[in-house]
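Topology and contacts: notes
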Amino acid sequence: MGPSGSGKDSLIEAARGPLRVRNCEVVRRVITRSAESVGEDAIEVSREEFERRRNNGDFALSWQANGLDYGIPVRIDQWLKEGRDVLINASRGHLTEAQQRYPTLLPVLLTVKDDVLRERLLRRGRESPAEIEARLCRNALFTADDTIGDTQIRRLDNSGDLAVTVASLLELLSVSAEPDRT
Ligand SMILES: Nc1ncnc2c1ncn2[C@@H]1O[C@H](COP(=O)(O)OP(=O)(O)O)[C@@H](O)[C@H]1O
Ligand SMILES: O=P(O)(O)OC[C@H]1O[C@H](OP(=O)(O)OP(=O)(O)O)[C@H](O)[C@@H]1O
């Protein structure tokens, strides 16, 4: 999880290879983003198609944010049943529901300094200035809200070099996978 522009897609993309070696699957999200827009490796569908898939039970998790619908394909349940780990690009606003469905999930929050976030959204250039402001406002609400300060959330700062964040993520996942010997 983390604000739009914090680098979730970049981090997941950069970690994809090493994650696969560790038996961790990465799932493509289904998003109602227009097909012309650049960005992550997602499956882009119309609102009608998204709704059809949701009603059909195609999603393990789904939510709305920033005017878009997001869905996590239900195939992750099969991977989990097979004993694999799954990394998903998720939402702070949907964390409680995700924890209810997956009580053992490991929440990881990607953070970035406010000025860096603004600069990255502007440089990415995918959204309009108004949409960028709305994303920054949404992030300010989450930052001000202590519910995201849950102690079990692992925080990774991505204000610096992406390679450092990738190494931190892999380290965090290795430590979390170790059996508890206490
Ligand atoms: N550590 C980093 N250093 C510099 N630029 C980054 C870093 N991480 C991501 N970016 C850039 O910031 C922008 C937002 O990243 P993105 O992965 O799209 O974020 P998100 O998926 O969280 O919305 C992209 O243009 C990406 O190339
Ligand atoms: O509830 P929040 O934590 O604020 O999250 C808002 C949404 O933005 C994120 O997607 P992403 O960052 O990929 O959106 P973007 O590609 O439009 O930047 C995240 O996956 C959520 O769907």
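The coordinates are above.
Now for a look at the structure at hand. (Residues numbered from 1 in each chain as written. Chains lettered and ligands numbered in written order. Predicted model: local features only at pLDDT ≥ 70, side-chain atom pairs only at ≥ 80, totals over all residues. Heavy atoms only, no water.)

1. Considering the side chain of Asn89
- Secondary-structure assignment places Asn89 in the loop between β6 (85-87) and α4 (95-101).
- For Asn89, a relative accessible area of 6% gives the class buried.
- A distance of 2.8 Å separates a polar atom in the side chain of Asn89 from a polar atom in the side chain of Asp9. (Helix = DSSP H or I, 4+ residues; strand = E, 2+ residues; numbered from the N terminus. Buried < 20%, exposed > 50% of the residue type's maximum accessible area, 1.4 Å probe, protein only. Polar contact = N/O pair within 3.5 Å; in protein donor to acceptor, adjacent residues only side chain to side chain.)

2. Some words on helix α1 (residues 8-21)
- In this model α1 runs 20 Å from its N-terminal to its C-terminal C-alpha over 14 residues, within 8% of the 20 Å that 1.5 Å per residue would give.
- By the largest-angle criterion, Ala15 marks the main kink of α1, which is about 50°, and a proline, Pro18, follows within four residues.
- Three or more residues of α1 are buried, namely Lys8, Leu11, Ile12, Ala15, Arg16 and Leu19.
- Contact partners of the buried residues in α1: β1 (24-26), β6, β7 (108-111), β8 (154-157) and α7 (162-177). (Expected span 1.5 Å × (residues − 1). Bend = angle between axes of the 7 residues up to and from the residue. Contact = heavy atoms within 4.5 Å.)

3. Some details on the pattern of salt bridges
- Taken as a whole, this structure holds 13 salt bridges when the rule is applied.
- Linking Arg118 and Glu133 is a salt bridge whose minimum nitrogen-to-oxygen distance equals 2.7 Å. With a gap of 15 residues between them, Arg118 in helix α5 (residues 114-124) and Glu133 in helix α6 (residues 129-144) connect regions that are remote in the sequence.
- On the basis of relative accessibility, which here comes to 36%, the residue Glu133 falls in the partly exposed class. (Salt bridge = Lys/Arg side-chain N within 4 Å of Asp/Glu carboxyl O.)

4. With respect to α7
- In this model, α7 (16 residues) spans 23 Å end to end at C-alpha, consistent with the 22 Å of a helix rising 1.5 Å per residue.
- Structurally, α7 contributes buried residues whose contacts are with α1, β7 and β8.
- Regarding α7, its N-cap is Asp161, as a side-chain oxygen of that residue lies 3.2 Å from the backbone nitrogen of Ala163 further along.

5. Observations concerning the side chain of His94
- Within the secondary structure, His94 sits in the loop between β6 and α4.
- Side-chain polar atoms of His94 contact the backbone oxygen of Ser62, separated by 3.4 Å.

6. Topic: the packing of α1 against α7
- Between α1 and α7, the least distance of the axes is 10 Å, while the angle of their chain directions is 55°. Relative to α7, the element α1 is oriented oblique. α7 is crossed by α1, and the crossing has right-handed handedness. Contact residues: α1 offers Ser10, Leu11, Ala14, Ala15, Pro18 and Leu19, while α7 offers Leu162, Thr165, Val166, Leu169, Leu170 and Leu173.
- A class-by-class count of the residues in the contact of α1 with α7 yields ten nonpolar, two polar and no charged. (Axes fitted to C-alpha atoms, helices over the stretch in contact; angles between N-to-C directions. Parallel < 35°, antiparallel > 145°, perpendicular 65-115°, else oblique. Left-handed = near helix turned anticlockwise from the far one by under 90°. Nonpolar A, V, L, I, M, F, W, Y, C, P; charged D, E, K, R; others polar.)

7. As for the layout of surface pockets
- Counted as a void, the largest pocket has a volume near 950 Å³.
- Lining the largest pocket are 35 residues, and of these Val86, Leu87, Leu105, Leu106 and Leu173 lie nearest its centre.
- Contributions of two or more residues to the lining of the largest pocket are made by α1, β4 (59-65), α3 (75-81), β6, α4, β7 and α7.
- For the lining of the largest pocket, the leading source of residues is α7, giving five residues.
- For the lining of the largest pocket, the per-class residue count stands at 26 nonpolar, six polar and three charged.
- The volume enclosed by the second largest pocket comes to roughly 600 Å³.
- What lines the second largest pocket is a set of 33 residues, and nearest its centre among them are Pro3, Ser4, Gly5, Lys8 and Arg124.
- Listing elements by their share of the lining of the second largest pocket, those giving two or more residues are α1, β4, α5 and α6.
- For the lining of the second largest pocket, the element with the highest residue contribution is α5, accounting for four residues. (1 Å grid on protein atoms, 1.4 Å probe; cavity = no way out; pocket = protein on both sides within 12 Å on 5 of 7 lines; lining within 4 Å. Points joined across faces, edges and corners; volume = space filled by probe spheres on them.)

8. Here we look at the site of ligand 2
- Around ligand 2, 19 residues are found, and the nearest of them are Ser4, Lys8, Arg29, Arg126 and Arg138.
- Separating an oxygen atom of ligand 2 from a side-chain N or O atom of Arg29 is a distance of 2.5 Å.
- In this structure, an oxygen atom belonging to ligand 2 sits 3.0 Å away from a side-chain N or O atom of Arg124.
- Relative to its unbound accessible area of 500 Å², ligand 2 is 99% covered by the protein chains.
- Using a 2 Å cut-off from the grid points, one finds that ligand 2 occupies the second largest pocket.
- A total of three residues in the shell around ligand 2 trace back to one element, the largest contributor, which is α6.
- Here the residues of the shell around ligand 2 sort into five nonpolar, five polar and nine charged. (Near = heavy atom within 4 Å. Areas by Shrake-Rupley, 256 points an atom, 1.4 Å probe, with all protein chains shown as cover. Sits in = over half its atoms within 2 Å of the grid points.)

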